[in-house]
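# Breakdown of the fold
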Amino acid sequence: MSKSPEEEHPQKAFGWAARDASGILSPFNFSRRANEDDDVTVKILYCGICHGDLHYVKNEFGHSSYPLVPGHEITGIVTAVGPKVEKFKVGDHAGVAPLVRSCRACNNCNQGLENYCPGAVSAFNAIDHDGTRTYGGYSDIIVVNQHYVIRFPNSLPLDKGTPLLCAGITVYSPMKYYGLCGPGTRLGVVGLGGLGHVAVKFAKAFGMKVTVISTSPSKGKEAIERLGADSFLVSSDSEQMKAAMGTLDGILDTVSAFHPISPLIDLLTTNGKLILLGAPEKPLELSVFPLLMGRKLVGGSGIGGMREIQEMMDFAGAHNISADTEIIPMDYVNTALDRLARGDVRYRFVIDVGTTLTT
Ligand SMILES: *[C@@H]1O[C@H](CO)[C@@H](O)[C@H](O)[C@H]1NC(C)=O
Ligand SMILES: *[C@@H]1O[C@H](CO)[C@@H](O)[C@H](O)[C@H]1NC(C)=O
Ligand SMILES: [Zn+2]
Ligand SMILES: [Zn+2]
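Attention here is on the structure that accompanies the text. (Residues numbered from 1 in each chain as written. Chains lettered and ligands numbered in written order. Predicted model: local features only at pLDDT ≥ 70, side-chain atom pairs only at ≥ 80, totals over all residues. Heavy atoms only, no water.)

### Brief notes about the coordination of the zinc ion (ligand 4)
The condition is simple: Excluding water, the donors of a metal are its N, O and S neighbours within 2.8 Å, or within 3.2 Å for Na, K and Ca, and that exclusion means sites may look incomplete. Geometry is assigned from donor-metal-donor angles: four donors are tetrahedral when every angle falls between 85 and 135 degrees, four are square planar and six octahedral when opposite donors sit over 155 degrees apart with all other angles between 65 and 115, and any other arrangement is irregular. Each residue is assigned to one of three classes by its accessible area relative to the maximum for its type, calculated with a 1.4 Å probe on protein chains only: buried under 20%, partly exposed between the two thresholds, exposed over 50%.
For the zinc ion (ligand 4), the full set of protein donor atoms is Cys103 (SG), Cys106 (SG), Cys109 (SG) and Cys117 (SG), at a range of 2.3 to 2.4 Å. Given 4 donor atoms and angles of 103 to 118° at the metal, the environment of the zinc ion (ligand 4) is assigned as tetrahedral. The sequence motif formed by the donor residues of the zinc ion (ligand 4) is C-x2-C-x2-C-x7-C. Accessibility assignment for this pair places Cys109 and Cys117 in one class, buried.

If you want it as structure tokens, here you go:
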């Protein structure tokens, strides 16, 4: 018989968990493994609320297992390191991203693409190598192998920096891989939410010319004045869209609801690339002819590997890039998830775990 979450490991842990597909979170006692030779224990101070958390607590992907402690944008202070750990010492700022283990032997792992490893273990709602479940960052401590712990730049605030660990790498990795990072490159960013707003910041730091594309005309002012975008397109305005045809080298599409992509493909210049980062629940419609007439590409990308996450954090530290956040106490989390579902946040909720998670 398997042990209860409270008894399966030696270290006591406490967090907030969803108990069923209602997705309502409440206090939860569980445990973490002992800090092994290669492990780092992090006392969690902040955890971002990613859109993925919302899908998982409500079992929208159909494979959630309860109790479920979400959270994979985690920052805090190192409180213990194993004897083989060289990268970290007690007291360091550290981050934990959506991945906490991979096989370290496959082609993907060998290239630093642990995020595409078939044996990758997610920070929550996954089975770890010892057969126990993983629990995420809406909790007091986490124990992670050093390979999957990120050094957090001292120049960045932990609270506003924490969303970069998922939102940041999700937009940074495709910019690098698809070559959408050179000065002067004309980049479109579709959707101005948790991902989109950090995409604008990274793109501006790379010296790109950024167009934000949104269904809400109301976001135009802040896209330009607050985030520094160069221009703004209302996707439902056919005149504006027509005038912008063929003007973008690449587009990062962060929208995770079903939406038409043909109008976006029309915005691309010859050799332009449309990169999808959201995961709509039903297939999108792709008409191929426009791709042929301009050698255009439609691609995808999911988070990034450990080396690249570190590179992204270091870049963010050097360019003072962080997320625009609303910092909330732990007991506000259910309201925050409801608000996130309605798109009512500018642009990322971050839970102040360190001072507001109390037993
Ligand atoms: C967690 O454990 C503590 C101490 O053992 C207990 O006081 C508390 O009621 C427990 N909380 C929950 C939600 O089970
Ligand atoms: C870094 O960015 C934050 C807000 O994002 C701002 O408040 C701060 O002044 C910036 N620091 C520097 C050194 O530019
Ligand atoms: Zn995420
Ligand atoms: Zn692997």
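### A word on the coordination of the zinc ion (ligand 3)
Here is the rule: The helix and strand labels rest on DSSP assignments: H or I over at least four residues marks a helix, E over at least two residues marks a strand, and numbering proceeds from the N terminus.
At the metal site, the zinc ion (ligand 3) is ligated by Cys50 (SG), His72 (NE2) and Cys166 (SG), and these contacts range over 2.0 to 2.2 Å. Site description for the zinc ion (ligand 3): donor spacing in sequence, C-x21-H-x93-C. With a gap of 116 residues between them, Cys50 in the loop between strand E3 (39-48) and helix H1 (51-57) and Cys166 in the loop between helix H3 (158-161) and helix H4 (167-177) connect regions that are remote in the sequence. The class of Cys50 is buried, set by a relative accessible area of 9%. The class for Cys166 is buried, based on a relative accessible area of 7%.

### Looking at the environment of Ile303
Put simply, the rule is: By the convention used here, residues are in contact when the closest approach between their heavy atoms is within 4.5 Å.
Locating Ile303 in the fold gives a position in the loop between strand E15 (297-300) and helix H10 (306-319). Separated by 190 residues in the primary sequence, Ile303 and Leu113 place their C-alpha atoms 9.7 Å from one another. The residues touching Ile303, leaving out its near neighbours within four places in the chain, are Pro98, Asn115, Cys166, Ile169, Thr170 and Ser173.

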